[in-house]
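Fold and geometry: a report
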Amino acid sequence: MLIDIIAGARPNFMKIAPIIHAIQKAEDNGSKLKYRLVHTGQHYDKKMSGDFFEQLNIPHPDVNLESGSGTQAEQTAKIMVRYEALLLEKPCDLTLVVGDVTSTMACSIAAKKLNIKVAHVEAGIRSFDLSMPEEINRMVTDSITDYFFTTSERANINLKRASVEDERIFFVGNTMIDTLLKNRSRFMKPEVWDELKLNESGYIVMTLHRPANVDEEHKLKGLIQEIVDHSQGMPLLFPIHPRTAKVFENLGITHDNLHLIEPLPYLEFNFLVERSRAVITDSGGITEETTVMGIPCMTLRDNTERPETCELGTNELLGTDPKAIGPAMAKLFSGQWKKGGIPQLWDGKTAERIIECLNEL
Ligand code: UD1
């Protein structure tokens, strides 16, 4: 069976790495599974893509669709047209997509319309917030998925409510956490550690890239100002996403303790997170990693598709109103932040379970 593994944007790369490694291991043990790695090219910078392939030992993609930047529809259309052409020329037996980015949705539609089965890793999670492109990507992908690999009981419930039969739902855990646990001992000190003379629990990591937070100058400025005002002078490390950088340039904000840095490679980024006092973010994936590492996490969003990171983990949803930041920082600095536990099956063996399931199809 030939499986196309689709990767398009930064948060996909840590999810596909363990799946590829598990297929390679299964091949060595006589499994009939073969894969073709398709990079859609949605993220193309070395810092958003190439570094992750190198550090996570992901093989060079067999195909790069080079779709590049564009509006939501432009990206979707380009990826669909190019992936369809690939499938017409060289079909596969199963298309495996991960996560919720535009590439995930575009490739699953192109495959399904050619009657190719679709497997979705991280299926079933829902924020129920259709203002986020990722939620639309999740809903569309899951509406045409054949095999659902899930990270949480909540995802299973969401799928069952949508009348997905039990036989098509495989509760396997979280491949992003496979990557985290496998690489934890390899985390690498970034240059900024020595440059700023950082020390453990002595700084905060920030990431912001959601359109709702960063596309309007006044919103971004308001959030950053509030964070700076309540940070008690602690260094704020802000590896800035290209989308955010474009808006930030015009804000004219500088503060002694606000340190903008380029997007970091995986091993350096998680080195910083693991030793930080807290993380402030609007990412979904980072809330899973902070939960597993037990690092306090403040999420600047009104909702989350990963409620277990709040109910069980160290994450708290602050919303997008800057006023919520002060009280949360006060709680952090007074040592009152919750400790948290680790969700079921986030144990580093998820990719192996996925491959066992695929072997039986
Ligand atoms: C995408 C995903 C989001 C994910 C995020 C992580 C969708 C709908 N969104 O959002 O779920 O959390 O990636 O990064 O798929 N750009 C570069 N270099 C790159 C890639 C992008 O400069 O390598 C620029 C683009 O030109 C564009 C902006 O960054 O202006 C946004 O990129 P895009 O892929 O559209 O969405 P993200 O905001 O990165």
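What this report covers is the structure whose coordinates are included nearby. For clarity, every value in this text was computed on a predicted model and none was experimentally measured.

In terms of nonpolar packing, the biggest core is built from 57 residues, with Ile 5, Ile 19, Ile 58, Phe 149, Leu 272 and Leu 358 touching the most fellow members. Counting residues per element, this core draws most heavily on helix H1 (residues 10–28), at nine residues. Counting contributing residues per domain, this core is built from domain 1 (2–174 + 346–360) and domain 2 (185–334), each supplying no fewer than three. Apart from the residues lying within four places of it in its own chain, the contact partners of Phe 149 are Ala 119, His 120, Val 121, Glu 122, Ala 123, Phe 170, Val 172, Ile 354, Cys 357 and Leu 358. Leu 208, Ile 224, Val 247 and Ile 253 belong to the second largest nonpolar core, which has 29 residues in total.

Here the focus is the side chain of Glu 288. If you trace the backbone, Glu 288 turns up in helix H13 (residues 285–293). On the accessibility criterion, Glu 288 (1% relative accessible area) is buried. With sequence-adjacent residues up to four places away left out, Glu 288 is seen in contact with Asn 174, Met 176, Ile 177, Arg 306, Thr 309 and Trp 346.

Attention now moves to the sheet that holds strand S1 (residues 2–7). On the basis of which strands lie adjacent, the open sheet formed by seven strands has the order S3-S2-S1-S4-S5-S6-S7 and parallel pairing. Edge positions in the open sheet fall to strand S3 (63–64) and strand S7 (169–171), since each of these has one partner strand only. With six bridges connecting them, S1 and strand S2 (residues 34–39) associate as parallel partners. Residue pairing across strands places Asp 4 opposite Arg 36, the latter belonging to S2.

What counts, and at which threshold
Residues numbered from 1 in each chain as written. Predicted model: local features only at pLDDT ≥ 70, side-chain atom pairs only at ≥ 80, totals over all residues. Heavy atoms only, no water. Core = buried A, V, L, I, M, F, W, Y, C linked by side-chain atoms within 4.5 Å. Buried < 20%, exposed > 50% of the residue type's maximum accessible area, 1.4 Å probe, protein only. Helix = DSSP H or I, 4+ residues; strand = E, 2+ residues; numbered from the N terminus. Domains from an automatic or database assignment. Contact = heavy atoms within 4.5 Å. Pairing = 2+ DSSP bridges.

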